[in-house]
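Topology and contacts: notes
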Amino acid sequence: MDRLSNTVRPYAWGSTTAIPELLGIAPTGEPQAEMWMGAHPGAPSRLTRAAGTGEAGPEQPLTDVIAADPERELGRATVEKFGPRLPFLLKLLAAGAPLSLQVHPDLAQAKQGYEDEERRSVPIDAPHRTYKDANHKPELICALTPFAGLCGFRRPTEAAEAMAALGVDSLKPYVDLLGAHPEEAALREVLTAILSADPTEMAETVNLAAAAAERLGGAHAPYARIAHHFPGDPGVIAAMLLNYVELQPGEALFLGAGVPHAYLDGLGVEIMANSDNVLRCGLTPKHIDVPELLRIVRFEATDPGVLRPEASPSGEELYETPVDEFRLSRFDLSPGAAPVDLTRGTPQILLCTGGAPKAGELGLTPGASVFVPAGEEVEVSGTGTLFCATVVA
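To keep things clear, this report deals only with the structure shown in the data block. (Residues numbered from 1 in each chain as written. Predicted model: local features only at pLDDT ≥ 70, side-chain atom pairs only at ≥ 80, totals over all residues. Heavy atoms only, no water.)

1. Thoughts on the overall build of the chain
Within the chain one finds 12 helices and 22 strands. On C-alpha atoms alone, the chain measures out to a radius of gyration of 22 Å, which is about the 21 Å that the 2.2 N^0.38 rule sets for 393 residues. Seen along its three principal axes, the alpha-carbon backbone of the chain occupies a region of about 75 × 50 × 40 Å. Out of the 393 residues belonging to the chain, those deemed buried represent 53%. Long-range contacts, defined as pairs at least 24 residues apart, comprise 74% of the intrachain contacts of the chain with a sequence gap of at least 6. Roughly 16700 Å² of accessible area belongs to the chain as shown, and the carbon and sulfur atoms make up 52% of that amount. (Helix = DSSP H or I, 4+ residues; strand = E, 2+ residues; numbered from the N terminus. Rg over C-alpha atoms; globule rule 2.2 N^0.38 Å. Buried < 20%, exposed > 50% of the residue type's maximum accessible area, 1.4 Å probe, protein only. Contact = heavy atoms within 4.5 Å. Areas by Shrake-Rupley, 256 points an atom, 1.4 Å probe, with all protein chains shown as cover.)

This is the structure we're talking about:
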C-alpha cells in the first residue's frame, strides 16, 4: 500500500481552521475547503512507491500509477465495470460558509448534456459550460463535527408557512403558488419564478426576508445566516423550499441525482462519483443555466434520509447507498482488539480521522490516508477511527 500526499483546495467558502485542526497543523489564515484523495485529474493524490530495489522512487500522481497498470491497481472486476480509472473521489470537506445551492444530473442526462456541449464546441473551461464530463455525481457526506445542510424539497405547505411567517409582501405570490397547485407543479413554478425574477426586486425581497428571519430566529435563523454570506441572492429564498438538516458526528446524507442541496457549515468526509457536473441554482456568483437546471431537478418533496450505520461482526460500519461507484464504511478501533483484515479485490483508500491506528506497518495520524491496490493484503489495528472507501464491483 502507499501513503498518499493530498492537495487542499482553497475555495472561498472553506473553513480556515477545521482541516488544520484535524491535521494538527497551524492555520494559514486562508480558507482550506477540501482535501482531495483519489485520482481526479484536477488534483490527483501523489505517492512514492518503492522501486524493485526497495528504495523509494520519485513521487508520482495516482492517475499515472493507475494508467500504467489499471488491472493491477484497480482489479479486473473494477476495470471491466468502470473502465481503467478510479471511479470515486474521497474528500475532507470543511464548510465555513454555505456552498452553492446545486443539483447533479443522472448518468443519461450527463451523457446527453456533455455530448451536446461538445457538439456545440463549448470550451471545457468556459464559465457557461455546464457538463465537464459524461458521468453522474451521486455523493455521500458523513459528519465529523456537527454539520448543517439543505437537502431535497420539503412539502410545499411547510415552505409556504415558513415564507408567510416572515411577513414580506413580495413573498406572498410564492406563498399563494405553493398552496394552489399539486406538489410537483407548485415547487417547479415557485423555483422558476424565484430564478427568473428581476434581480433588483429580488435583492430587495431577500434583504427584507433576511431581516425578518433575523428577528424571528429559531427555525428561520439559518436563512438569516445564509443571507449574511449572500446578500440579495435569490438562492436565499430558494433555500426556504428545502429541508434544513443538522447532522451529528457519524451521521450521513446521500445526495442522488436531481436532488437540490447545499452544505452550510461543518467538517465531514465526502465521497462521490468521479465527476465535475454541477448545476447551480443560487448562493453563487457563477453561471446559472435556468432552463437546464429545471430539466434536471426532481420536483418532489423528500425526507432527507439521515443515514446511521450499524456495525457488522467485524466492526465495520457501512453507509448503505444505491450506487456502485463508491462504498464508504467506518471502523472505530479499540485498544487491545484483534486486527481487522481489509484485504479486498477492489481498490481502497483508507483515511484516518482520529487516534493513531495502523494500516499494515504504516502508522497513521488524523488526516493521513493510504491507497491499497486491489487484492493487496492489509490489516488495520491499533486505536482510532478509519474510513474505508472502495467500489462495488
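That covers the picture; the talk isn't over yet.
2. Some thoughts on the layout of surface pockets
Considered as a void within the structure, the largest pocket measures approximately 1000 Å³ in volume. Forming the walls of the largest pocket are 42 residues, and the residues nearest its centre are Tyr11, Ser100, Val278, Arg280 and Lys286. At the level of secondary structure, the elements contributing two or more residues to the lining of the largest pocket comprise β3 (34–38), β6 (88–95), β12 (261–273) and β13 (279–282). Per-element tally for the lining of the largest pocket: the top contributor is β12, with four residues. Of the residues contributing to the lining of the largest pocket, the split by class is 19 nonpolar, 10 polar and 13 charged. (1 Å grid on protein atoms, 1.4 Å probe; cavity = no way out; pocket = protein on both sides within 12 Å on 5 of 7 lines; lining within 4 Å. Points joined across faces, edges and corners; volume = space filled by probe spheres on them. Nonpolar A, V, L, I, M, F, W, Y, C, P; charged D, E, K, R; others polar.)

3. Some remarks on the packing of helix α6 (residues 156–164) against helix α7 (residues 172–180)
Where α6 meets α7, the axes come as close as 9 Å, and the angle between the chain directions of the two elements is 160 degrees. On the basis of the axis angle, α6 is roughly antiparallel to α7. As for the relative orientation of α6 and α7, their crossing is left-handed in sense. Contact residues: Pro156, Ala159, Ala160, Met163 and Ala164 in α6; Tyr174, Val175 and Leu178 in α7. (Axes fitted to C-alpha atoms, helices over the stretch in contact; angles between N-to-C directions. Parallel < 35°, antiparallel > 145°, perpendicular 65-115°, else oblique. Left-handed = near helix turned anticlockwise from the far one by under 90°.)

4. Some thoughts on the sheet that holds strand β21 (residues 379–381)
What the four strands build is an open sheet, ordered β16-β21-β18-β19; its pairing is antiparallel. In this open sheet, the two strands that pair with only one neighbour each are β16 (340–341) and β19 (362–363). As defined by bridge partners, strand β18 (residues 358–359) adjoins β19 across two bridges and the pair is classed as antiparallel. Across the sheet, the residue bridging to Lys358 is Gly363, located in β19. (Pairing = 2+ DSSP bridges.)

5. Thoughts on unusual backbone geometry
Here Ser121, not a glycine, exhibits a phi torsion of approximately 55 degrees, which is positive. For Ser121, a relative accessible area of 59% puts it in the exposed group. We note that Leu283 has phi near 60 degrees; this positive angle belongs to a residue other than glycine. Relative to the helices and strands, Leu283 resides in the loop between β13 and α12 (290–296).

6. A look at the pattern of salt bridges
Inspection of every chain in the model, using the stated rule, returns 21 salt bridges. Its salt-bridge partner being Arg119, residue Asp116 comes within 3.2 Å of it at the nearest N-O pair. Here Asp116 pairs with Arg119, and both are found in helix α5 (residues 107–119), just three residues apart, close to one helical turn. Residue Arg330 is joined to Asp332 by a salt bridge in which the shortest nitrogen-to-oxygen separation is 3.9 Å. (Salt bridge = Lys/Arg side-chain N within 4 Å of Asp/Glu carboxyl O.)

7. Side note on the sheet that holds strand β20 (residues 369–372)
By way of backbone hydrogen bonds, the strands of a sheet pair with one another, either parallel or antiparallel. One open sheet accounts for eight strands, arranged β5-β4-β1-β20-β17-β22-β15-β14; its pairing is antiparallel. In this open sheet, the two strands that pair with only one neighbour each are β5 (60–61) and β14 (316–319). Strand direction decides the pairing type here: strand β1 (residues 2–5) and strand β4 (residues 46–47), joined by two bridges, are antiparallel. Bridge pairing in β4 places Leu4 opposite Leu47.

8. Quick word on the pairing of strand β9 (residues 147–153)
Among the seven residues of β9, seven are classified as buried, and the element is accordingly described as predominantly covered. Summarising the sheet, β9 and strand β10 (residues 242–247) pair through five bridges and their orientation is antiparallel. Paired with Leu150 across the two strands is Tyr244, which belongs to β10. Here four bridges tie β9 to β12, and the two strands are oriented antiparallel to one another. The residue of β12 that forms the bridge with Cys151 is His261.

9. Quick notes on the nonpolar core
Ranked by internal contacts, the top residues of the largest apolar core, which has 51 residues, are Met163, Leu178, Ile237 and Leu241. Residues contacting Leu178, with those up to four places away along its chain left out, are Pro156, Ala159, Ala160, Met163, Ala186, Leu187, Val190 and Leu241. Counting residues in each nonpolar core, the second largest holds 35 residues, with Leu86, Cys142, Ile271 and Ala389 among its members. (Core = buried A, V, L, I, M, F, W, Y, C linked by side-chain atoms within 4.5 Å.)

10. Details of the environment of Ser312
One can find Ser312 in the loop between α12 and β14. Overall, Ser312 belongs to the partly exposed group, its relative accessible area being 29%. A sequence separation of 44 residues divides Ser312 from Ala356, and the C-alpha atoms of the two residues are 22 Å apart.

In short, geometric facts, not functional conclusions.
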